[in-house]
Amino acid sequence: MSKKLLLSLLAVLAFTACSDDEEKTTSNSNRNPTYEHNEYGRYEFPRISDPSENLILIHKTANGEVNYSVEWDIEKKSQRWSCYQMYKSNMAQNTGRYYAGPGEDQYPQDPLLPVQYRWTTDPFYGSGYDHGHICPSADRLNSEESNYQTFYLTNMQPQKNGFNAKVWANMEAKVRNWAKQNNYTFCDTMYVCKGGTIDNKSQIMKTLSNGLIVPKYYYMAILISKKQSNGTMKYDAMAFWIEHKESSDNGTALAKYVITIDELESKTGIDFFCNLPDDIERQVESTVNMKLWGYN
């Protein structure tokens, strides 16, 4: 084969392999690579951490629909975040909250997590902390299967009961109300990423004797999309950042916990909504339209 022909073939191959991605790279420089899993490119996903130290657990229902996903830190045996979408069909209430029957675990092991990375016994029992859902049970009542999956240990973080049952529960209810607002006219899809702080020592309340990390702060990153009359998509985003403690107002005054996504990224070191095109990401992450979210 001539050198000229070889160079021509290489050029064609390079264009074939990169032309589609090149346009995406130009408009979205920090997106997740999707060669391993297409789901990594979904808008609810933040930038994925080092795969040699973390596992991504993508929970799907029998029909192939993504229920929610988790980043699990192997060494810390802790989830860093759960992320998921909310839209009309997956918010339908077709079942109730899962309660374990005789011989069943209320908080079962995650079948996607290899045995060597699991807790051998439930580290929450006897700890004095609640099993704090990150993807809430109440957000997944569309089927028994999707609700059951939210009880996996990998979707739990330790929370004080006065936090879990009050301000955190009120935040979760507010997010659900936004997703359902005006009979689902507020947004077409809501993208949510939530978790507790496990990486920065100053943001860890304590580490229990069994090794369970208790976050000092919890957060919610929220993005909404809405199709406009001209066919374009409009995006808005906001975040909650809250200290892990009992609130004197029971968490009914939530505006004081609102921050921008940029601020949340600075606090956590996590790059949220990285799969958005760069121009949209910069716009929605730098400000919060308080009036849009009902905080005048």
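See the structure above.
So, a few notes on the structure that sits alongside this text. What you are looking at is a predicted structure, and each value in this text was computed from that prediction instead of being measured.

Conventions we followed
Residues numbered from 1 in each chain as written. Predicted model: local features only at pLDDT ≥ 70, side-chain atom pairs only at ≥ 80, totals over all residues. Heavy atoms only, no water. Helix = DSSP H or I, 4+ residues; strand = E, 2+ residues; numbered from the N terminus. Buried < 20%, exposed > 50% of the residue type's maximum accessible area, 1.4 Å probe, protein only. Contact = heavy atoms within 4.5 Å. Areas by Shrake-Rupley, 256 points an atom, 1.4 Å probe, with all protein chains shown as cover. Pairing = 2+ DSSP bridges. Axes fitted to C-alpha atoms, helices over the stretch in contact; angles between N-to-C directions. 1 Å grid on protein atoms, 1.4 Å probe; cavity = no way out; pocket = protein on both sides within 12 Å on 5 of 7 lines; lining within 4 Å. Points joined across faces, edges and corners; volume = space filled by probe spheres on them. Nonpolar A, V, L, I, M, F, W, Y, C, P; charged D, E, K, R; others polar.

To continue, consider the overall build of the protein. Regarding its fold elements, the protein presents five helices and eleven strands. Evaluated residue by residue, the protein yields a buried proportion of 49% over its 296 residues. For the protein, restricting intrachain contacts to residue pairs at least 6 apart in sequence, the fraction spanning at least 24 positions comes to 65%. By element, 49% of the accessible surface of the protein is carried by carbon and sulfur atoms, the whole surface being about 14,700 Å².

Before going further, it helps to spend a moment on the sheet that holds strand β9 (residues 217-227). If you trace the seven strands from one edge of the open sheet to the other, you get β1-β2-β3-β6-β9-β10-β11, paired in antiparallel fashion. The outermost strands of the open sheet, each flanked by one partner alone, are β1 (54-60) and β11 (258-259). With eight bridges joining them, strand β6 (residues 189-196) and β9 adopt antiparallel strand pairing. Within β9, the residue paired with Gly 195 across the bridge is Tyr 219. Contacting β9, β10 (233-243) and β11, helix α4 (residues 261-268) runs over the sheet at an angle of about 45 degrees to β10.

Bringing empty space enclosed by the protein into the picture now. Once rolled over the atoms, a probe with the size of a water molecule shows which space is left empty. If you walk through the whole model with that rule in mind, you get three cavities of 30 Å³ or more. Approximately 50 Å³ is the volume attributed to the largest cavity. What lines the largest cavity is simply Trp 72, Lys 77, Ser 78, Gln 79, Trp 119, Phe 124, Leu 153, Met 156, Gln 157, Pro 158, Leu 212 and Ile 213. At the level of secondary structure, the elements contributing two or more residues to the lining of the largest cavity comprise β3 (78-86) and β5 (156-159). Ranked by residue count, the leading element in the lining of the largest cavity is β5, at three residues. By volume, the second largest cavity is sized at about 40 Å³. Lining the second largest cavity we find Trp 72, Gln 109, Asp 110, Leu 113, Arg 118, Trp 119, Leu 153 and Thr 154. Taken together, the residues of the lining of the second largest cavity break down into four nonpolar, two polar and two charged.

Because side chains alternate across β5, one face comprises the buried residues Met 156 and Pro 158, and the other comprises Gln 157 and Gln 159, equally buried. The sheet contact formed by strand β4 (residues 130-133) and β5 spans four bridges and is antiparallel. The partner of Asp 130 across the bridge, within β5, is Gln 159.

So, to be careful, I would describe these as geometric facts and stop short of saying anything about function.
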